[in-house]
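Given next are the chains, with one letter for each unit.
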Amino acid sequence: MGEKMSRVRLLVGTRKGAFVLTSDGKRQRWDISGPHFAGWEIYHLKGSPADPNRLYASQSSGWFGQVIQRSNDGGKIWEPVGNQFAYDGVPGTHQWYDGTAHPWEFKRVWHLEPSLSDPDTVYAGVEDAAFFRTTDGGQTWQELSGLRGHGSGPHWQPGAGGMCLHTILIDPSNPERIFIAISAAGAFRTDDGGKTWKPINRGLRTEGIPNPEAEVGHCVHRIALHPSRPNVLFMQKHWDVMRSDDAGDSWREVSGNLPTDFGFPIDVHAHEPETIYVVPIKSDSEHYPPDGKLRVYRSRTGGSEWEALTNGLPQRDCYVNVLRDAMAVDSLDSCGVYFGTTGGQVFASPDGGDHWDAIVQLLPPVLSVEVQTLS
Amino acid sequence: MIRVLLPYHLRTLARVDGEVTIEVEGQATQRSVLDALEARYPTLRGTMRDHVTQQRRPFVRFFACEQDLSHESPDAPLPELVATGAEPFLVVGAIAGG
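Here is a short report on the structure shown in this document. (Residues numbered from 1 in each chain as written. Chains lettered and ligands numbered in written order. Predicted model: local features only at pLDDT ≥ 70, side-chain atom pairs only at ≥ 80, totals over all residues.)

1. Some thoughts on the sheet that holds strand S1 (residues 2–5) of chain B
All names here are of chain B. Going by this rule: The rule for pairing is simple: two strands pair if DSSP sees at least two bridges between them. Numbering of helices and strands runs from the N terminus, with a helix taken as a DSSP run of H or I at least four residues long and a strand as a DSSP run of E at least two residues long.
Read across the sheet, 5 strands follow the order S2-S1-S5-S3-S4 without closing on themselves; strand pairing throughout is mixed. What marks the edges here is a single partner per strand, and that holds for strand S2 (20–22) and strand S4 (67–68). For strand S3 (residues 60–64) and strand S5 (residues 89–93), the ladder comprises 4 bridges, and the chain directions are antiparallel. Bridge pairing in S5 links Phe63 to Leu90.

Here it is, written out as structure tokens:
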């Protein structure tokens, strides 16, 4: 898409509200609106590919629970829509941290994924992990319970951040095929629009669980695909960066020369399906960049060989994290890459990662970043 | 007429300023007041009590007449001063968190 006539709109969810950042195709000057829903946690906002002015936002609070907001004008005016996420049937139990059975309890919506073709259809990934759908623009939500009911649900266990369904990827060539990921159960795929699911974790290896190569029990942090090649998946696991060339049926490690293969986000360049991005983070438990240097790593070979991208990023005394939903790419000719930090910065690169600028510096901790490329 | 004072974030969500007043048919109880409140402001459904179980959310409290009514039965009559509109029914967000 040409840069002269285009605009981009960043949708930024934070611990204390949502922000909408807009720029022209040069992506050098940004207008910032917000905070919307001030004081509430905004885990995620996303626009409909079928109607870019239709936006959905997940607004939640430890006091007042879950609210879903919808905008029909690109984020200027918002209306609350339905917020009832009721598990289908008797919810049953999953494993608690101590291994005991714990009833499924709805806590919040982590991720909203609008349908590729219908602005009124949206999928929601929630905590405790389940997959919901609305077909009426968010007024009502129904669980597609085949995911929890496929058999392994009672053995799922929460990660440190809760048992969340955080990633939803729709195959553009076959919308009946959807990939999801759950911490700490793993990745799953449906080929029938969400009725039935299978775990797709073969090749993942997780030390510290009884069977390191178990069918479920892996802490997948994020998966990503390029729309032109939806059988190729990239994964940032708790540890390990992984790749699948068969729609998740098998995985192999492509961490290569990364300084640490722990991290949260992973994304794919808009025009180069073998160019991928991660943000290596020091762990266990520190969860900040190694050596205080914030570096995005880019591979142009689909993994295994990585280069550090540092131009414009802080290279000393930087101890922020980048969360799993806080990276996005636009689809302009020169692909823009964006990410937000727990320190409240949003960084943008208009040239695929070669040069970075902080386009805003002092927001609340950033939970999610999405970008819309508008003509 | 029942006077209800909502916490700041719920006033914002319901798009109201200050106290709201509602009419309750029959006896004024927590349940009848919250039912009437949610009927008038549907966006408040699920924010004070669970959609299904109707249990009070843990960090939401109900006060009136300098009493904490949070642990009273939802079907217990509210104080007469609330039922007559002399005193407001307070929905309070517990002071906690960051």
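2. Points about unusual backbone geometry
Residues and elements named next belong to chain A. Note the following rule: Counting other C-beta atoms within 10 Å of its own, a residue is labelled buried from 20 upward, exposed at 12 or fewer, and partly exposed in the gap between, with every C-beta atom placed from the backbone.
Cis geometry is found at the peptide bond from Gly34 to Pro35, where omega equals 0°. By the secondary structure assignment, Pro35 is in strand S3 (residues 31–36). Cis geometry marks the peptide bond from Ser183 to Ala184; its omega dihedral reads 0°. By the secondary structure assignment, Ala184 is in the loop between strand S15 (178–183) and strand S16 (186–190). We note that Ser285 has phi near 70°; this positive angle belongs to a residue other than glycine. Judged by the 6 C-beta atoms lying within 10 Å of it, Ser285 falls in the exposed class. The phi dihedral of Asp291 falls on the positive side, at around 60°, and the residue is not glycine.

3. Concerning the pairing of strand S14 (residues 164–170) of chain A
All names here are of chain A. Summarising burial for S14: 7 of the 7 residues are buried, a large majority. Bridging between S14 and S15 involves 6 bridges; their strand directions are antiparallel. Within S15, the residue paired with Leu169 across the bridge is Phe179.

4. Things to note about helix H2 (residues 30–40) of chain B
Residue and element names in this part refer to chain B. The condition that has to hold: What the arc describes is the spread of directions from the helix axis to the C-beta atoms. Contact definition: two residues whose C-beta atoms, as placed from backbone geometry, lie within 7 Å.
All buried positions along H2 are accounted for by Gln30, Val33, Leu34 and Leu37. Viewed along the axis of H2, the buried residues span an arc of 95°, placing them on a single side of the element. Contact partners of the buried residues in H2: S1, S2, S3 and S5.

5. Considerations on the interface of chain B and chain A
In many analyses, interface size is given as the accessible surface area lost on bringing the parts together. The condition that has to hold: Think of it as three bins: nonpolar holds Ala, Val, Leu, Ile, Met, Phe, Trp, Tyr, Cys and Pro, charged holds Asp, Glu, Lys and Arg, and polar takes everything else, Gly as well.
Taken together, the 14 residues of chain B in the interface contact 12 residues of chain A. Looking at the side of chain B that touches chain A residue by residue, the classes come out as 6 nonpolar, 7 polar and 1 charged.

6. Observations concerning the sheet that holds strand S21 (residues 252–253) of chain A
Residues and elements named next belong to chain A. Ordered by their spatial adjacency, 4 strands build an open sheet running S18-S19-S20-S21, and the pairing between neighbours is antiparallel. What marks the edges here is a single partner per strand, and that holds for strand S18 (220–225) and S21. Summarising the sheet, strand S19 (residues 233–237) and strand S20 (residues 241–244) pair through 4 bridges and their orientation is antiparallel. Paired with Gln236 across the two strands is Val241, which belongs to S20.

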